[in-house]
Amino acid sequence: MSILDYFKPVSTWSAERIRKFLDQRGSGEYNLIDVRQPEEYEQGHLPGAQLIPVGELPNRLAELDPTKPTIVY
Amino acid sequence: MKGGIRAWEGLVAEGIPEAGMAYFSPATRPQEMIALAWLLEDGTCKFYESIANMMEDQEARGFFHDLKRSEENHKTTLWKMCEEISGRTPSSEFPATVISGKPAGDVMEGGMVVSEALKWSKGKTLKEILELSISLETNSYDLYLKMEQKAEDRNSKQIFKTLSDEEKKHLERLTSLFLKTL
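## Re the overall build of chain B
Step number 1: The helix and strand inventory of chain B stands at six helices and zero strands.
Step number 2: Taking 182 residues into account, the globule formula puts the C-alpha radius of gyration at 16 Å, and chain B, at 17 Å, falls close to it.
Step number 3: Considered along the principal axes of its C-alpha atoms, chain B spans approximately 50 × 45 × 25 Å.
Step number 4: For chain B, contacts bridging at least 24 residues in sequence account for 72% of all contacts bridging at least 6.
Step number 5: As displayed, chain B has an accessible area near 9,400 Å², and 50% of this comes from carbon and sulfur atoms.
Step number 6: When the 24 basic and 30 acidic side-chain charges of chain B are each reduced to a single mean position, those positions are 1 Å apart.

## A look at helix α4 (residues 114–121) of chain B
All names here are of chain B.
Step number 1: Of the residues making up α4, those classed as buried are V114, A117, L118 and S121. Viewed along the axis of α4, the buried residues span an arc of 95 degrees, placing them on a single side of the element. Among the exposed residues of α4, those pointing more than 90 degrees away from its buried face are S115 and K119.
Step number 2: Considering only its buried residues, α4 is in contact with α2 (30–54) and α5 (126–150).
Step number 3: G123 occupies a position one or two residues after α4 and carries a positive phi of about 80 degrees.

## Section: the packing of aromatic side chains
Step number 1: Tallied over the full model, the rule gives nine aromatic pairs over all chains.
Step number 2: Aromatic rings pair up to connect Y23(B), F24(B), Y144(B) and F160(B) into one cluster.
Step number 3: When the ring centre of W8(B) is taken as origin, the NZ or CZ atom of R19(A), which lies over that ring, is 4.7 Å away.
Step number 4: The ring of W120(B) has K124(B) lying over it, and the distance from NZ or CZ to the ring centre is 4.6 Å.

## Regarding the layout of surface pockets
The gaps left among the atoms become clear once a water-sized probe is rolled over them.
Step number 1: Within this model, the second largest pocket holds a volume of roughly 740 Å³.
Step number 2: Looking at the second largest pocket, it is lined by 33 residues, and the ones nearest its centre are D23(A), P47(A), L11(B), Y141(B) and L171(B).
Step number 3: The set of elements that each furnish at least two residues to the lining of the second largest pocket consists of α1 (15–24) of chain A together with α5 and α6 (154–181) of chain B.
Step number 4: Examining the composition of the lining of the second largest pocket, we find that nine residues originate from one element, α6(B), more than from any other.
Step number 5: A breakdown of the residues in the lining of the second largest pocket according to their chemical character gives 14 nonpolar, eight polar and eleven charged.

## A short note on the interface of chain B and chain A
Step number 1: Listed as interface residues are 22 residues of chain B and, on the opposing side, 23 residues of chain A.
Step number 2: Summed over both sides, the interface of chain B with chain A buries roughly 2,000 Å², with 61% coming from carbon and sulfur.
Step number 3: Counting the surface chain B buries against chain A, the share from its top three residues, M1(B), I5(B) and W8(B), is 31%.
Step number 4: Residue K168(B) pairs with D23(A) through a salt bridge whose shortest N-O separation is 3.6 Å.
Step number 5: Counting every contact that joins chain B to chain A gives ten residue pairs in polar contact (both at pLDDT 80 or more).
Step number 6: Broken down by element, the side of chain B that touches chain A gets its largest block of residues, seven residues, from α5(B).
Step number 7: For the side of chain B that touches chain A, a count of residues per class yields eleven nonpolar, four polar and seven charged.

The rules behind each value
- Residues numbered from 1 in each chain as written.
- Chains lettered and ligands numbered in written order.
- Predicted model: local features only at pLDDT ≥ 70, side-chain atom pairs only at ≥ 80, totals over all residues.
- Heavy atoms only, no water.
- Helix = DSSP H or I, 4+ residues; strand = E, 2+ residues; numbered from the N terminus.
- Rg over C-alpha atoms; globule rule 2.2 N^0.38 Å.
- Contact = heavy atoms within 4.5 Å.
- Areas by Shrake-Rupley, 256 points an atom, 1.4 Å probe, with all protein chains shown as cover.
- Lys, Arg positive; Asp, Glu negative; His and termini not counted.
- Charge placed at Lys NZ, Arg CZ, Asp CG, Glu CD.
- Buried < 20%, exposed > 50% of the residue type's maximum accessible area, 1.4 Å probe, protein only.
- Arc of directions from axis to C-beta.
- Phe/Tyr/Trp six-rings, centres within 6.5 Å; stacked < 30°, edge-to-face > 60°.
- Lys NZ or Arg CZ within 6 Å of the ring centre and 35° of its normal.
- 1 Å grid on protein atoms, 1.4 Å probe; cavity = no way out; pocket = protein on both sides within 12 Å on 5 of 7 lines; lining within 4 Å.
- Points joined across faces, edges and corners; volume = space filled by probe spheres on them.
- Nonpolar A, V, L, I, M, F, W, Y, C, P; charged D, E, K, R; others polar.
- Buried area = accessible area lost by both parts, 1.4 Å probe.
- Salt bridge = Lys/Arg side-chain N within 4 Å of Asp/Glu carboxyl O.
- Polar contact = N/O pair within 3.5 Å; in protein donor to acceptor, adjacent residues only side chain to side chain.

And the structure:
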């Protein structure tokens, strides 16, 4: 991670826009990350979402493909 | 995502991140994964067929028969996939020739035992049965998406991609009928 990564724009999308995005693409074309706690994930999550609780993100960034768009909720 | 999960009005899967994955853990080769997936489709076929026969409403009966036929097609797809990967036609004993031990009882998509799902379904309304089916298919869709991400070889990735695409189509049909019951 370089200093420039801190200046990359992060946009907030509506649920509807994300639904369209996911519908139009195959699961191998994006990273879909659930950053909530495991109990919350267990109760309900977007199909295909990978659980990485927010506290674990810094140590698990390598699990994300940096060449693909990442959706976080 | 603006509003987080609360803003999401679509389908959600339930369970821990590894839910359902253990089912495929005995598979070490793509053919074994296919055989295990085939058994799930077979279980789901039996479930939809029994549900169709329980329905008094002709439209609902026809709908579940269609779903059953669709699961039959999945089985054929998997059978062909096994043929392509292994380079020879699977024997009539498939999938027993590919996997040594069959899971106890008929298990369907979503990991539920068919007999338990049928026992639960007795006396339930069409709406309740559709809710169960949507829930099982959503969990199945979630599982196949995650298996696709986890798979390391191209063949396995393709198997799970095919399965998840099919589950998505099923979910669209199920939710469409569900909306009609509201």
